[in-house]
Amino acid sequence: MEKQFTVKNPQGIHARPAGAIMKKASEFAATQISLELNGRKISAKSITGVLTLGMKAGDTVTVSAEGDQAEQAVEAVGAVIESVLD
């Protein structure tokens, strides 16, 4: 399961939203969740990985998941990516 989401936060994905993405992804323990941007794919459960993607406002990020609750995980993580967190 995969779906694309757009970063809407004007500051991009910095420490606070990256932490929120990691926290949300970690709620789905049995699910492998990945983020992909510009050919780079990382685990959404790694704050370092999330930060190193360098997601900026307007970027389109692909969220993919495998395992139990894959669809719910993609939607939940995507919602955080599209939210505007300070």
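Residues numbered from 1 in each chain as written. Predicted model: local features only at pLDDT ≥ 70, side-chain atom pairs only at ≥ 80, totals over all residues. Heavy atoms only, no water.

Under an unreviewed UniProt entry, the name given to the chain is HPr family phosphocarrier protein, and the organism recorded is Paenibacillus arenosi. Of the chain, the UniProt comment under Subcellular location (unreviewed entry) reads exactly: "Cytoplasm". (UniProt positions renumbered as here; feature names shortened; annotations may be inferred.)

So, on to the nonpolar core. The biggest cluster of nonpolar side chains holds 25 residues, and the ones touching the most others in it are Ile-21, Ile-33, Leu-35, Met-55 and Ile-81. When residues of this core are traced back to their parent elements, those giving at least two are helix 1 (15–26), strand 2 (31–37), strand 4 (60–67) and helix 3 (70–82). Top element by residues in this core is helix 3. It accounts for seven residues. (Core = buried A, V, L, I, M, F, W, Y, C linked by side-chain atoms within 4.5 Å. Buried < 20%, exposed > 50% of the residue type's maximum accessible area, 1.4 Å probe, protein only. Helix = DSSP H or I, 4+ residues; strand = E, 2+ residues; numbered from the N terminus.)

To continue, consider unusual backbone geometry. Although it is not a glycine, Asn-38 sits at a positive phi angle of roughly 50 degrees. Mapping Asn-38 onto the fold places it in the loop between strand 2 and strand 3 (40–43). On the basis of relative accessible area, Asn-38 is assigned to the exposed category, the value being 73%. The phi dihedral of Gln-69 is positive, around 60 degrees, even though this residue is not glycine. Looking at where Gln-69 falls in the secondary structure, it is placed in the loop between strand 4 and helix 3. Classification of Gln-69 by relative accessible area gives partly exposed; the value is 44%.

Summarising the sheet, strand 1 (residues 2–6) and strand 4 pair through five bridges and their orientation is antiparallel. Each bridged residue has a counterpart across the sheet, and for Gln-4 the counterpart in strand 4 is Thr-62. Where strand 2 lies against strand 4, six bridges are found, and the strand directions are antiparallel. Bridging from a neighbouring strand, Gln-32 pairs with Glu-66 of strand 4. (Pairing = 2+ DSSP bridges.)

Either a parallel or an antiparallel arrangement is found when strands of a sheet pair, and the pairing is made through backbone hydrogen bonds. Taken together, four strands build an open sheet; the order of strands is 1-4-2-3 and the sheet is antiparallel. Edge strands, defined here as strands with exactly one partner in the open sheet, are strand 1 and strand 3. Averaged over all pairs of adjacent strands, the angle between their axes in this sheet comes to 25 degrees, without regard to strand direction. Summarising the sheet, strand 2 and strand 3 pair through four bridges and their orientation is antiparallel. In the sheet register, Ser-34 faces strand 3, and the bridge partner there is Ser-43. (Axes fitted to C-alpha atoms, helices over the stretch in contact; angles between N-to-C directions.)

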